[in-house]
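Geometric and topological summary
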Amino acid sequence: MTRSLVLGAAAITGMLTVTFATQITTVSSASKSPFLTWNAKKHTATLSLVAGYTSANHTLNFNGAIAGGMIVSIPKGYKTTVNFSNKSTFPHSAVITAYADRSSEGSHPLAFRGASSLNPAAGTAPGATDQFSFTASRLGAYAIICKVAHHADAFMWDVLDVTRAKTPSFTIYAPLNPQPTATPAP
Ligand SMILES: [Cu+2]
């Protein structure tokens, strides 16, 4: 990965360099992914959202990405279904809230009705799954966070962008290891 490519990626999201107490991690490889599927005629999208998909950041990641390293772009008005699962060894959750409210201290009002896993403060148990749906009814950038205490402050948040585009798109800036095996929904 050349420096110019890293800088190009950083320009896209504005926040790709994450400073930890003892190290600096730069996530920089962009790729498309089968985590997001959609039906442009029906205006529906399905997001596979896996907490602890990799061991990255002590499993405090969604689909392997942290700190805005995953951008899920959904056209306004799409009904979006999230198939949430937890591959970690401890609870995680998923809440879509205001981008400005992505720290653990936030009250995390739902950006859209229904945009949360069950009991998000307690989290979904390891190995368990949950499904929730919402309509992306307002334009703008929102945060997908884990509401379990202190996880969002430890960079367990990514981005939902509701756009005027014709179709969804999915970008992830994280090494995907293992590669996703999900197959697109019909
Ligand atoms: Cu978590």
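Residues numbered from 1 in each chain as written. Predicted model: local features only at pLDDT ≥ 70, side-chain atom pairs only at ≥ 80, totals over all residues.

**A short note on the overall build of the protein chain**
In terms of regular secondary structure, the protein chain is built from 1 helix and 12 strands. Here the protein chain, with 186 residues, has 43% of them falling under the buried criterion. For the protein chain, contacts bridging at least 24 residues in sequence account for 71% of all contacts bridging at least 6. (Helix = DSSP H or I, 4+ residues; strand = E, 2+ residues; numbered from the N terminus. Buried ≥ 20, exposed ≤ 12 C-beta atoms within 10 Å, placed from the backbone. Contact = placed C-beta atoms within 7 Å.)

**Digging into the pairing of strand E11 (residues 157-163)**
With 5 of its 7 residues buried, E11 lies for the most part within the structure. Here strand E6 (residues 70-75) pairs with E11 via 5 bridges, running parallel. Bridge pairing in E11 places Val72 opposite Leu160. The pairing of strand E10 (residues 140-145) with E11 spans 6 bridges and is antiparallel. The residue of E11 that forms the bridge with Ile144 is Asp158. (Pairing = 2+ DSSP bridges.)

**Thoughts on the sheet that holds strand E5 (residues 44-51)**
Spatially, E4-E5-E7-E9 is the arrangement adopted by the 4 strands of the open sheet, whose pairing is mixed. Where the open sheet ends on each side, the last strands, each with one partner, are strand E4 (36-39) and strand E9 (129-135). Here the average twist between neighbouring strands, direction ignored, is 15°. As paired strands, strand E7 (residues 79-86) and E9 are joined by 7 bridges and run antiparallel to one another. (Axes fitted to C-alpha atoms, helices over the stretch in contact; angles between N-to-C directions.)

**Section: the environment of Gly106**
Inspection of the secondary structure assignment puts Gly106 in the loop between strand E8 (95-98) and E9. Here Gly106 falls in the partly exposed class, since 17 other C-beta atoms lie within 10 Å of it. On a C-alpha basis, the gap between Gly106 and Lys147 in space is 9.3 Å, while along the polypeptide they are 41 residues apart. Once you skip the residues sitting within four places of it in the chain, Gly106 turns out to touch Thr97 and Asp101.

**Observations regarding unusual backbone geometry**
Of note in the backbone geometry, Asn119 takes a positive phi value of approximately 45° without being a glycine. Residue placement: Asn119 occurs in the loop between E8 and E9. Taking the number of C-beta atoms within 10 Å as the measure of exposure, Asn119 has 12 and is therefore exposed.

**Regarding the nonpolar core**
Ranked by size, the top nonpolar core spans 44 residues in total, and within it Val72 and Ile144 carry the most contacts. Counting only elements with at least two residues in this core, the list comes to E4, E5, E6, E7, E8, E10, E11 and strand E12 (169-173). For this core, the element with the highest residue contribution is E5, accounting for 5 residues. In contact with Ile144, other than residues within four places in its own chain, are Phe62, Ala94, Ile96, Trp157, Asp158, Val159 and Leu160. (Core = buried A, V, L, I, M, F, W, Y, C linked by C-beta atoms within 7 Å.)

**Notes on the confidence of the model for the protein chain**
Where the model shows low pLDDT, its predicted coordinates should not be examined in detail. On average, residues of the protein chain score 80 in pLDDT, and 75% of them reach the 70 mark or higher. A low-confidence stretch, residues 1-32 stays under pLDDT 50, and its non-local contacts, those more than four residues away or across chains, total 41 contacts. Within the model, pLDDT remains below 50 along residues 177-186, and this stretch shows 12 contacts once partners closer than five positions in the same chain are excluded. (pLDDT = per-residue confidence, 0-100.)

**So, the environment of Gly140**
Its location among the elements puts Gly140 in strand E10. Counting along the chain gives 22 residues from Gly140 to Val162, while the straight-line C-alpha distance between them is 5.2 Å.

**Structural notes on the environment of Ser73**
Note on placement: Ser73 falls in strand E6. By the C-beta count within 10 Å, which is 19 here, Ser73 ends up partly exposed. Separated by 95 residues in the primary sequence, Ser73 and Pro168 place their C-alpha atoms 5.2 Å from one another. Apart from residues no more than four positions distant in its own chain, Ser73 is found in contact with Asp161, Thr163, Ala165, Pro168, Ser169 and Phe170.

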